[in-house]
Amino acid sequence: KTLPRARIVVMVSTTHESYMLSQAGIPNFLANELIFVDERLFTVLPPQPLNAPRFDAIYVARLDAMKRHELATAIPSLVLAHGPPSAGDAARVRQLLPKARFANFEANDGAYGYLGDDDIVALMNRSAVGLCLSAAEGAMRVSMEYRLCGTPVVSTRSVGGRDRYFLGPHARVVDEHPDAIAAAVRDLKALNMSRLAVREFIGGLVTFDRHNFLLSLNKLVEHEFGVRDRFRSFAPFVRYPVSWRPPEQILAP
């Protein structure tokens with residue numbers, strides 16, 4: 001109604017989504033959300049001071065039931081980073097994971113505090129493995145952020161699109177059981193992979209999909225407007241279509 005002359009084309013995260021939309025007659029093309037993660041923000045840091053805490057695993061996820069924190073109960077050293085939780089969710093996860101470190105609360109003297117990108121990047125660089133434990137959600141941007149920071153990933157089987165990039169020796173997809181997840185964390189930690197090698201590998205996959213995104217987009221623009229090669233670089237699209245901001249920034253205006 002707002003743009004009656006606009007042509008709407010949906011960007012999808014999986015080939016299955018593309019198939020379903022095509023069956024319904026809805027124009028679409030593959031552009032997995034994870035290719036928009038900013039590799040300039042999420043990166044490998046220089047070695048941390050010797051006294052900096054190091055964790056077996058990090059889980060960056062809301063403290064919602066859908067994130068299935070109960071699957072991390074067998075991991076000895078775990079740090080959590082998350083959005084503002086309800087009192088009930090915070091209590092539930094603390095009961096599930098009494099030994100876990102709650103980074104948002106520790107950074108703000110026991111009260112919840114927002115952690116910016118730099119804080120999250122530092123935690124990822126001090127963790128051996130990143131966790132992805134939900135069964136169904138969107139592409140789960142943190143699954144890409146982990147590996148751009150050089151952090152291998154342990155995931156459960158899932159739908160939503162994150163598994164498109166679970167290739168190579170630094171990504172494990174395991175059964176939905178705490179022991180299976182803890183064993184995969186131990187194995188990846190023991191391999192002590194080069195963080196730069198993890199980042200370089202995932203960067204190659206992302207570069208391929210970014211190239212195909214530009215091909216599809218430019219063909220679409222040419223078809224609609226007769227303009228060839230409108231976009232020659234992916235740079236204008238980094239961090240979009242989704243950009244997360246703390247509530248106070250959203251509400252400030």
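Residues numbered from 1 in each chain as written. Predicted model: local features only at pLDDT ≥ 70, side-chain atom pairs only at ≥ 80, totals over all residues. Heavy atoms only, no water.

Go over the overall build of the protein with me, naming the residues and quoting the values.
Each helix and strand in the protein was counted, giving eight helices and eight strands. For 253 residues, the compact-globule formula gives about 18 Å, and the C-alpha radius of gyration of the protein, at 20 Å, lands near that figure. Viewed in the frame of its principal axes, the protein has a C-alpha envelope of about 60 × 40 × 35 Å. Burial status across the protein gives 43% buried among its 253 residues. In the protein, of all internal contacts separated by at least 6 residues, the share reaching a separation of at least 24 is 58%. The positive charge centre, built from 30 side chains, and the negative charge centre, built from 26, are 3 Å apart in the protein. (Helix = DSSP H or I, 4+ residues; strand = E, 2+ residues; numbered from the N terminus. Rg over C-alpha atoms; globule rule 2.2 N^0.38 Å. Buried < 20%, exposed > 50% of the residue type's maximum accessible area, 1.4 Å probe, protein only. Contact = heavy atoms within 4.5 Å. Lys, Arg positive; Asp, Glu negative; His and termini not counted. Charge placed at Lys NZ, Arg CZ, Asp CG, Glu CD.)

Can you tell me about the nonpolar core, naming the residues and giving the values?
By size, the foremost hydrophobic cluster in this structure holds 65 residues, and its most contacted members are L78, L131 and F213. Excluding its chain neighbours within four sequence positions, the residues that come into contact with L131 are A57, I58, Y59, A72, I75, L78, M140, Y146, V154, I181 and V185. (Core = buried A, V, L, I, M, F, W, Y, C linked by side-chain atoms within 4.5 Å.)

Tell me about the pattern of salt bridges, and name the residues and values.
Under the definition given, this model contains 15 salt bridges. Between R40 and D38 there is a salt bridge, and its shortest N-O distance comes to 2.9 Å. A salt bridge links R239 to D117; the shortest N-O distance between them is 3.3 Å. Taken together, the residues R239 in the loop between α7 (195–225) and α8 (247–251) and D117 in helix α4 (residues 117–125) connect sequence positions 122 residues apart. (Salt bridge = Lys/Arg side-chain N within 4 Å of Asp/Glu carboxyl O.)

Give me the pairing of strand β4 (residues 78–81): which residues, what numbers.
The alternating pattern of β4 places L78 and L80 on one face and V79 and A81 on the opposite face, and all of these are buried. For strand β3 (residues 55–60) and β4, the ladder comprises four bridges, and the chain directions are parallel. Counterpart to I58 in the pairing with β4 is V79. Here two bridges tie β4 to strand β5 (residues 101–102), and the two strands are oriented parallel to one another. Bridging from a neighbouring strand, L80 pairs with F102 of β5. Running through helix α2 (residues 87–96), the crossover from β4 to the neighbouring parallel element β5 is right-handed. (Pairing = 2+ DSSP bridges. Right-handed = clockwise from strand over helix to strand, strands pointing away.)

Break down the sheet that holds β4 for me, citing the residues and quoting the values.
Taken in spatial order, the six strands of this open sheet run β5-β4-β3-β6-β7-β8, and their pairing is parallel. The open sheet has two edge strands, β5 and β8 (171–174), and neither has a second partner. Contacting β3, β4 and β6 (127–132), α4 crosses the sheet at an angle of about 145° to β3. Contacts from helix α6 (residues 178–191) reach β3, β6, β7 (153–156) and β8, with the element oriented near 165° to β8. (Axes fitted to C-alpha atoms, helices over the stretch in contact; angles between N-to-C directions.)

Explain the environment of S143 to me, using residue names and the numbers behind them.
Locating S143 in the fold gives a position in helix α5 (residues 142–148). You can call S143 buried: its relative accessible area is 0%. Residues S143 and K219, spaced 76 residues apart in sequence, show a C-alpha to C-alpha distance of 30 Å. Setting aside residues no more than four positions away along its own chain, S143 makes contact with L34, C132, V153, R162 and F166.

Residues and numbers for the packing of aromatic side chains, please.
In this description, a pair of aromatic rings is defined by centroid distance and the angle of the planes. Tallied over the full model, the rule gives eight aromatic pairs. Geometrically, the ring pair formed by F213 and F237 is edge-to-face, given 5.2 Å between the ring centres and 75° between the ring planes. One end of the pair, F213, is in helix α7; the other, F237, is in the loop between α7 and α8, and 24 residues separate them in sequence. Comparing F213 with F237 shows no difference in burial state: the two are buried. By way of ring pairs, the aromatic residues F29, F36, F213, F231, F234 and F237 are connected into one cluster. Of note, R230 hangs over the ring of F231, and the distance from its end group to the ring centre comes to 4.7 Å. (Phe/Tyr/Trp six-rings, centres within 6.5 Å; stacked < 30°, edge-to-face > 60°. Lys NZ or Arg CZ within 6 Å of the ring centre and 35° of its normal.)

Run through the state of the cysteines, naming residues and quoting values.
Evaluation of the coordinates by the stated rule reveals zero disulfides. As a non-bridged cysteine, C132 has C149 as the owner of its nearest cysteine sulfur, 13 Å distant. Judged by its relative accessible area of 0%, C132 falls in the buried class. Its relative accessible area of 0% is what places C149 among the buried residues. (Disulfide = S-S within 2.5 Å.)

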